[in-house]
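In case you want the letters, here they are:
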Amino acid sequence: MSPSTRRLTVAQALVRFLTAQYTERDGVRRRLVAGTWGILGHGNVAGVGQALLEAGEQAMPFHQGRNEQAMVHAAVGYARQLNRLSAQAVTTSIGPGATNLVTGAALATVNRLPVLLLPGDYFATRTADPLLQQLEHPVHADVSVNDTLRPVSRHFDRVTRPEALVPSALRAVRVLADPVETGAVTLALPQDVQAEAYDWPEEFFAERVWTVRRPAPDRGELAAAVRAVRAAKRPLLVAGGGVHHSEAEDALKALVDATGIPVASTQAGKGSLRHDHPADLGGIGHTGTAAADDIARTADLVIGVGTRYTDFTTASGTLFARPGVRFVNLNITPSDAHKMAALPLVADARAGLAALAEALAGHRVAPAYEAEYRTGRQRWERVVTAALRAGDDGAVPTQTQLVGALDAVVGDRDVVVNAAGSLPGDLHRLWRARSPRQYHLEYGYSCMGYEIPGAIGVQLAAPGTPVWALVGDGTYLMMPTEIVTAVQERLPINLVLVQNHGYASIGGLSEQTGGERFATAYRHRAADGTFTGEPLPVDLAANAASLGMDVLRPRTVGEVRAALAEARASDRPTCVYVETAAPGPEAPGAAAWWDVPVAEVATREAAVEARKAYERAASAVRRHL
């Protein structure tokens with residue numbers, strides 16, 4: 001071996017390469033890939049597994065997962081907490097270990113969050129053919145099960161020769177570090193190639209810093225956006241997740257303080273303004289507040305910042321109803337900036353907001369408009385206060401009262417993690433976000449099972465931060481496995497487990513769409529064959545305890561509040577198990593529509609009536625062209 005090369009296996013070289021990759025933004029440097037999750041099998045144990053062992057914990061920390069999908073969720077939670085500036089890798093064996101990555105990869109890519117996937121693959125030499133878990137395709141002989149990751153990855157490559165790793169690894173980390181292109185990045189690694197030795201150039205292992213730029217807006221685009229804002233009588237700013245990713249909260253506040261433009265937030269953008277800011281109208285769209293949605297319906301200009309405009313945000317194309325409404329979209333991703341036929345402002349969110357504030361110096365919305373939205377905000381705040389404080393301390397809590405109890409216990413630094421069920425609606429409408437990272441809702445993919453591993457990722461990214469995973473019984477049964485990981489890693493996450501005996505959110509949606517809550521309750525079969533018998537005798541608290549968590553079982557509103565405080569003070573993973581009463585009348589409903597098509601032809605009365613309501617609502621859908 002010459003002095004300018006180093007002889008390592010492909011897996012060893014990849015791990016060594018990853019330890020030398022950094023991001024830098026605003027002068028702050030971070031490890032790009034700061035750790036690796038893994039479950040080892042015959043497809044990676046002698047390759048990536050051996051390389052991680054040889055590298056050691058100081059060079060590449062290793063986290064032992066229990067489910068491959070959950071490991072990706074944990075890595076996504078980690079990356080989101082650190083504003084996409086640091087990520088984690090996930091290694092799996094071939095076969096089911098690799099295909100279990102697909103859901104997590106889709107979640108990462110949909111949410112534009114970086115994660116590096118390193119699944120094992122079949123022998124490149126094909127000396128063992130077919131080998132254990134190999135998919136034999138009769139037409140495409142080069143296809144493996146890892147090809148299922150292609151459509152859900154922002155970058156995919158299969159490294160079939162050692163020397164191919166050099167360009168492949170460089171392309172992979174470039175995509176991971178690019179806020180425009182980032183998402184799941186997959187390097188499929190044939191198991192024989194992983195263990196193959198090669199003389200690598202030392203330059204491959206040199207430290208590399210990937211600058212995360214803050215591109216400023218084009219002058220012409222900025223001028224057009226400023227003209228639109230100055231001409232608007234009823235502007236509304238919609239804050240998306242890009243505000244957080246760019247750490248643009250202070251720039252947003254400065255613009256709003258100067259101009260008086262009100263702000264509504266998507267699920268990903270909630271917390272962009274602190275909840276008690278006079279211009280914060282809360283969540284927008286189907287799960288949004290009445291204050292935000294009322295202003296959205298009459299806005300003549302919508303300024304989207306870092307948002308993708310999903311159907312929940314636009315109320316399936318019914319929310320922005322004013323004739324002639326225009327859009328200005330500030331987004332680092334050009335495809336998002338052009339949505340809604342908007343005037344695009346392609347730039348980093350912080351740089352763009354600062355440029356807008358400077359160019360709009362002296363401009364402010366009319367006092368009457370400011371008074372109007374502030375009055376609406378104050379009216380909604382009274383609704384929130386009444387909902388969160390409803391009932392007495394001795395009553396069995398509703399889900400809304402549980403949210404109120406948590407609201408009373410958390411501090412400004414706490415992080416609340418949720419993803420699916422009926423909780424996202426309650427939280428988006430009612431939660432009072434005190435800091436930019438407190439509200440952690442994965443609602444791009446709304447994946448049941450994300451919450452517990454996501455909370456673990458947040459805890460790894462922010463040690464010492466109280467982290468809460470809010471989980472319904474349906475979600476818990478999807479993926480409780482990473483409780484074992486939290487116990488093993490001594491991560492004091494707090495699990496709030498809500499037992500309502502079924503899929504409450506889908507049950508409500510089923511009722512609204514004529515489905516009559518079919519197949520949404522966790523109950524025994526009744527004599528007529530339907531699932532309408534007694535509730536199933538499932539003890540999820542005992543299950544959490546069996547996996548190593550401390551478990552608290554409060555039964556009343558007062559006991560719930562005390563249990564949450566006890567969990568927050570604990571240094572161990574703790575589960576607060578709450579059996580909730582049926583939702584009470586104090587829980588505010590949706591303030592905007594969501595398009596879920598109803599059967600056009602049906603014999604059951606519930607579906608016939610639901611179709612009539614659907615057609616009335618769908619008549620308001622519009623395309624912004």
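Just above sits the structure.
Read on for an overview of the structure. (Residues numbered from 1 in each chain as written. Predicted model: local features only at pLDDT ≥ 70, side-chain atom pairs only at ≥ 80, totals over all residues. Heavy atoms only, no water.)

**Things to note about the pattern of salt bridges**
Then comes step 1: Here the structure, examined in full by the defined rule, presents 34 salt bridges.
Then comes step 2: A salt bridge links R174 to E181; the nearest nitrogen and oxygen atoms lie 3.2 Å apart.
Then comes step 3: Residue classification places R174 among the partly exposed residues on the basis of a relative accessible area of 35%.
Then comes step 4: For D294, the salt bridge goes to R297, with nearest N and O atoms at 3.2 Å. You can see D294 and its partner R297 sitting in helix α11 (residues 290-298), 3 residues apart, about one turn around the helix.
Then comes step 5: For D294, a relative accessible area of 42% corresponds to the partly exposed category.
Then comes step 6: Classification of R297 by relative accessible area gives partly exposed; the value is 30%. (Salt bridge = Lys/Arg side-chain N within 4 Å of Asp/Glu carboxyl O. Buried < 20%, exposed > 50% of the residue type's maximum accessible area, 1.4 Å probe, protein only. Helix = DSSP H or I, 4+ residues; strand = E, 2+ residues; numbered from the N terminus.)

**Things to note about the packing of helix α16 (residues 399-409) against helix α23 (residues 557-569)**
Then comes step 1: The geometry of α16 relative to α23 is characterised by a closest axis approach of 9 Å and an angle of 40° between their N-to-C directions. By the angle between their directions, the pair α16 and α23 is classed as oblique. The handedness of the crossing between α16 and α23 is right-handed. Mapping the contact onto sequence places Q401, L402, A405, L406, A408 and V409 in α16 and V557, V560, R561, L564, A565 and R568 in α23. (Axes fitted to C-alpha atoms, helices over the stretch in contact; angles between N-to-C directions. Parallel < 35°, antiparallel > 145°, perpendicular 65-115°, else oblique. Left-handed = near helix turned anticlockwise from the far one by under 90°. Contact = heavy atoms within 4.5 Å.)

**Some details on helix α2 (residues 45-55)**
Then comes step 1: Along α2, the residues that are buried comprise G47, V48, G49, A51 and L52. Projected onto a plane normal to the axis of α2, the buried residues spread over an arc of 165° and lie on a single side. Counted as exposed and oriented over 90 degrees from the buried face of α2: A46, L53 and E54.
Then comes step 2: Where α2 is buried, its residues touch α1 (10-18), β4 (33-38), β5 (62-64), β6 (87-92), β9 (184-190) and α7 (191-194).
Then comes step 3: Following α2 by one or two positions, G56 adopts a phi angle in the positive range, close to 90°. (Arc of directions from axis to C-beta.)

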